[in-house]
Amino acid sequence: MAPIGTLHYLVIAAALFVLGVIGVLTRRNVVIILMSIELILNAVNLNLVAFSRIWGLHGQVFSIFIITDAAAEAAVGLGILIAFFRNKETVNVDEIDLLKW
Amino acid sequence: MCLRFHILITAITAVVILMSYEYMATQQIRAGEYYSLILLGAVGMCLMSSAVELVLIFIALEISSISTYVLAGFRRRAAISSEASVKYFLLGSFATAFFLYGVALMFGATGSTGISVIAQSLRAGNTSTLAFAGIALMFVGLGFKVAAAPFHIWTPDVYEGAPAPVVALMSTGPKAAVFAVLLRVLFEINAPGRLGLIWVTAALSMTLGNLSALVQHNVKRLLAYSSIAHAGYLMMAYAALPANGIPAVMFYTATYAAMNVGAFAIVSHLAGAGERYVTIEDYAGLGRRSPLLAAALSIFLLSLIGIPMTGGFFAKFYVFSAAFQNSLTGLVIIGVLNSAIGAYYYLRLLVVMYMKEGGQEIPIAPTPLALHAALAISIAATLYLGILPGRVIEFASRSVRDLTQ
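Residues numbered from 1 in each chain as written. Chains lettered and ligands numbered in written order. Predicted model: local features only at pLDDT ≥ 70, side-chain atom pairs only at ≥ 80, totals over all residues.

A. How the structure looks around the overall build of chain A. What chain A contains, in helices and strands, is three helices and zero strands. Here the C-alpha radius of gyration of chain A, 17 Å, is well above what a compact globule of 101 residues would show, namely 13 Å. For chain A, the spread of C-alpha atoms along the three principal axes comes to 55 × 25 × 25 Å. The 101 residues of chain A split such that 31% are buried. (Helix = DSSP H or I, 4+ residues; strand = E, 2+ residues; numbered from the N terminus. Rg over C-alpha atoms; globule rule 2.2 N^0.38 Å. Buried ≥ 20, exposed ≤ 12 C-beta atoms within 10 Å, placed from the backbone.)

And the structure:
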């Protein structure tokens, strides 16, 4: 059996990325869309850590930044979602339809 | 280059804060965090325009984005405002994730996140697939932030729902900062294969923006589509040679900020409590009822069309000539045709203001001193850039050397 190399990690990361994008585009619940975005961010983290095997620690430091930022973003996002829920009583993106052309 | 963008962003922030005083009072929102969020966003934008390291660019991008996500939903009781905020947040963080994936691939291809190291590595002939994919994904993320087609879907919705002074800020400040980042990503890195990418984006943005603006009834929505079109004109400069493109981009961002902030200052004043009066019909007879405001708005609209004597003319002139010198005749023709289409909907607003009588009289509040100051700054900047563009363009040309070594 071949040892696990950088390429394997990259393939997994790419798969996570695609799953995240599909999730954002097809799911109708805002909370699940948020989770799909987190999935993409984790794909990025996996990529950076995998590349760190070749290029050194720099990528790992970057991924810590991304984890922190993802937490901040999730906090703000849920806050915004609660403000919206108070007005419309829904988290379904099909019902977020006041603004249309 | 950093200094110039810092001055621009600080000026935008100052004018937006001046117009916010009255707006917050009219909307009966008493919240100090509004101003601190604006300042926080401004810090992010300044950092973004001076960062030469992709990690810092990402953090700065997030600082400015997160504060504008919150600001977009600041009229908490209004459903459309919080809806705008949710839309902006979801699509914005989606775009940031794309940008990050691009950065990760770029790191994988070159082993660094510093712009200059990446540039060296690419110049040395490193043109792996990873680098191409990285540039493309980063371009998607940044293209979203500047509202360039085909990543513009959020713009009209968010601009319509968000409070008017916030729209004034986010249609100019973060855009200018992200255009500064694009200068680094596209020119300094000398991104491989950028020409095709920009060609398509610029042509699409101009055409979609202008054509959709033709059928709008809401002034904020109309200005949103106009901002998509202007992002398209600006994109053209990135297809030019660095020596012409960089000054053109800097001049255009400054001019666009001056005229757009001014236009939104008037929109936010006329909107009234609860932003009720934002359709084009509400502007009927404005020329008679409030000649000064109408005159100011006319200057901004004429500048947005690109009439000589206003900044908009030279901004377009520099962009078109920069693209023309790189023999992008097709793109220039599309641009000129689009300017002609664009003139129609700005002129329609002018015609309504001066030649149509309003059915029902909408109340116009007296203009407070702060708004006068905001308008005076915007008008002065718009006219200065239109009458004496030489010094600004010369100042901008100096940064060509920094970016291209």
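After that view of the structure, there is still more to cover.
B. The overall build of chain B, seen in detail. In terms of helices and strands, chain B carries 18 helices and zero strands. The C-alpha radius of gyration computed for chain B amounts to 20 Å, which stays within 12% of the reference 22 Å derived for 405 residues, consistent with globular compactness. With the principal axes as the frame, chain B shows a C-alpha extent of 65 × 40 × 35 Å. Within the span of chain B, comprising 405 residues, buried residues form 60% of the whole. The contacts in chain B between residues at least 6 apart in sequence include a share of 80% that link residues at least 24 apart. (Contact = placed C-beta atoms within 7 Å.)

C. Main features of the interface of chain B and chain A. Listed as interface residues are 33 residues of chain B and, on the opposing side, 33 residues of chain A. Those elements that provide at least two residues to the side of chain B that touches chain A are α3 (54–72), α4 (79–110) and α7 (154–161) of chain B. Looking at which element gives the most residues to the side of chain B that touches chain A, the answer is α4 of chain B, with 18 residues.

D. Molecular detail of helix α1 (residues 2–27) of chain B. Residue and element names in this part refer to chain B. If you check α1, its first and last C-alpha atoms are 36 Å apart, about what 26 residues at 1.5 Å a residue would give, namely 38 Å. At S20, α1 shows its largest bend, some 35°. Immediately beyond the C-terminal end of α1, within one or two residues, lies Q28, with a positive phi of roughly 55°. (Expected span 1.5 Å × (residues − 1). Bend = angle between axes of the 7 residues up to and from the residue.)

E. Molecular detail of the packing of α7 of chain B against helix α11 (residues 219–238) of chain B. All names here are of chain B. One way to put it is that α7 packs onto α11 with a least axis distance of 8 Å and a crossing angle of 140°. By the angle between their directions, the pair α7 and α11 is classed as oblique. In the packing of α7 onto α11, the handedness of the crossing is right-handed. For the pair formed by α7 and α11, the contact residues are T155, P156, Y159 and E160 on the first element and K220, R221, L223, A224, Y225, S227 and I228 on the second. (Axes fitted to C-alpha atoms, helices over the stretch in contact; angles between N-to-C directions. Parallel < 35°, antiparallel > 145°, perpendicular 65-115°, else oblique. Left-handed = near helix turned anticlockwise from the far one by under 90°.)

F. Local environment of the nonpolar core. All names here are of chain B. One finds Y101, A237 and V319 to be the most contacted residues of the largest nonpolar core, which totals 181 residues. When residues in this core are grouped by element, the largest group, 19 residues, is from helix α12 (residues 242–271). The residues touching V319, leaving out its near neighbours within four places in the chain, are Y233, L234, M236, A237, A248 and Y252. (Core = buried A, V, L, I, M, F, W, Y, C linked by C-beta atoms within 7 Å.)

G. Local environment of helix α10 (residues 194–213) of chain B. Residue and element names in this part refer to chain B. Given a rise of 1.5 Å per residue, 20 residues ought to cover 28 Å, and the 28 Å separating the end C-alpha atoms of α10 matches this to within 8%. Those residues of α10 lying buried are I198, T201, A202, S205, M206, G209, N210, S212 and A213. The arc enclosing the buried residues of α10, seen along the axis, measures out at 165°, which places them on a common side. (Arc of directions from axis to C-beta.)

H. Molecular detail of the confidence of the model for chain B. The predicted model of chain B averages 90 in pLDDT, with 99% of residues at 70 or higher. If you check the scores for this complex, the pTM reads 0.93 and the ipTM reads 0.94. (pLDDT = per-residue confidence, 0-100.)

I. Expanded view of the packing of helix α3 (residues 58–88) of chain A against α4 of chain B. Their axes nearest at 9 Å, the elements α3 of chain A and α4 of chain B cross at an angle of 165°. With respect to α4 of chain B, the element α3 of chain A is oriented roughly antiparallel. The crossing of α3 of chain A and α4 of chain B is left-handed. Judged by residue contacts, G59, I66, E73, G77, I80, L81, A83, F84, N87 and K88 of chain A of α3 of chain A engage A79, S82, E83, S85, V86, F89, S93, L100 and F107 of chain B from α4 of chain B. The residue inventory of the contact of α3 of chain A with α4 of chain B, partitioned by class, reads 10 nonpolar, six polar and three charged. (Nonpolar A, V, L, I, M, F, W, Y, C, P; charged D, E, K, R; others polar.)

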